[in-house]
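Coordinate inspection notes
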Amino acid sequence: MALKKLVAGNWKMHGLSSDIGEIQAIAEASRQYPQVDVALCVPTILIERAARAVPGFAIGGQDVHHAEKGAHTGCVSAHMMRDAGAVLTIVGHSERREAQRESNDQVKAKAEAALSCGLGVILCVGETLEVREAGDAVASVEAQLDASLPRTLAGEADFAIAYEPIWAIGSGKVPTAAEIGEMHAALRRRLIAAYDDSGGDVRILYGGSVKGSNAAEIFAVANVDGALVGGASLKAADFMPIVAAAAAAG
Ligand code: PEP
């Protein structure tokens, strides 16, 4: 049976208090699509205001520190994020793996910290263009996934993977349906190897230049259980067609 699709927006470092109205517009419009889970991962500073503005709608963060508390200036723990009203967080986004030099071990620790306090996780993996062109994309992303996965999925919090080819993020370039299908099938096999039957229930999102115009084609690919959306999640007018495509794909 197909998994319920999840369409999550990643606002990255975009959004001020004056943009809460856009979050409300997305939350309101999403009610038309109860067959899809919709979430917005907003800047940390907006989480509490956003969560208060749209009760019942899933607001998330974009990263957490792996420790519960301590001397980590400028960092935010999973507990703090939950306390602010977030129900999920992204971990291991390629922009953090690259700019903050986050390792697979750190991503794994972050995912475990989030899940252990009941915060859902979207764990990102993806290859560079160089790796794709060398023909090593599947092996490289499988290895990244294996090394980043939390030890256990026990608990109530939702856990999803986002396959985000780095060269597709914000570039307008998207892999072919066959390339996405090949990668998602490989990730599904790795998830089942890691978690037995529960690996079949982990949603695998595609991310990288998803738009209203290409969403239906992407959602039609086997093992694509939703999308992580950057640029096109900032405005309801751009985001909602993606949610509608997810609803239509079933
Ligand atoms: C992202 O960075 O998670 C992303 C998918 O960005 P975009 O949709 O803008 O390519």
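The model shown is predicted, which means the values in this text are computed figures rather than measured ones.

Examining the pairing of strand β5 (residues 120–125)
- With 6 of its 6 residues buried, β5 lies for the most part within the structure.
- Neither face of β5 is open: one carries G120, I122 and C124, the other V121, L123 and V125, and all of them are buried.
- Pairing between strand β4 (residues 88–91) and β5: 4 bridges, direction parallel. Paired with I90 across the bridge in β5 is I122.

Quick notes on the side chain of H65
- One can find H65 in the loop between β3 (58–61) and α3 (78–84).
- In this structure the side chain of H65 is engaged in a polar contact, spanning 2.9 Å, whose partner is the backbone nitrogen of A67.
- Here H65 is in contact with H72, C75, V76, S77, A78, K110 and A113, once residues within four sequence places are set aside.

What to know about the pattern of salt bridges
- A complete count under the given rule lists 15 salt bridges for this structure.
- For D146, the salt bridge goes to R190, with nearest N and O atoms at 3.1 Å. One end of the pair, D146, is in helix α7 (residues 137–148); the other, R190, is in helix α8 (residues 177–195), with 44 residues separating them in the sequence.
- Here R190 falls in the partly exposed class, since its relative accessible area comes to 29%.

Conventions we followed
Residues numbered from 1 in each chain as written. Predicted model: local features only at pLDDT ≥ 70, side-chain atom pairs only at ≥ 80, totals over all residues. Heavy atoms only, no water. Buried < 20%, exposed > 50% of the residue type's maximum accessible area, 1.4 Å probe, protein only. Helix = DSSP H or I, 4+ residues; strand = E, 2+ residues; numbered from the N terminus. Pairing = 2+ DSSP bridges. Polar contact = N/O pair within 3.5 Å; in protein donor to acceptor, adjacent residues only side chain to side chain. Contact = heavy atoms within 4.5 Å. Salt bridge = Lys/Arg side-chain N within 4 Å of Asp/Glu carboxyl O.

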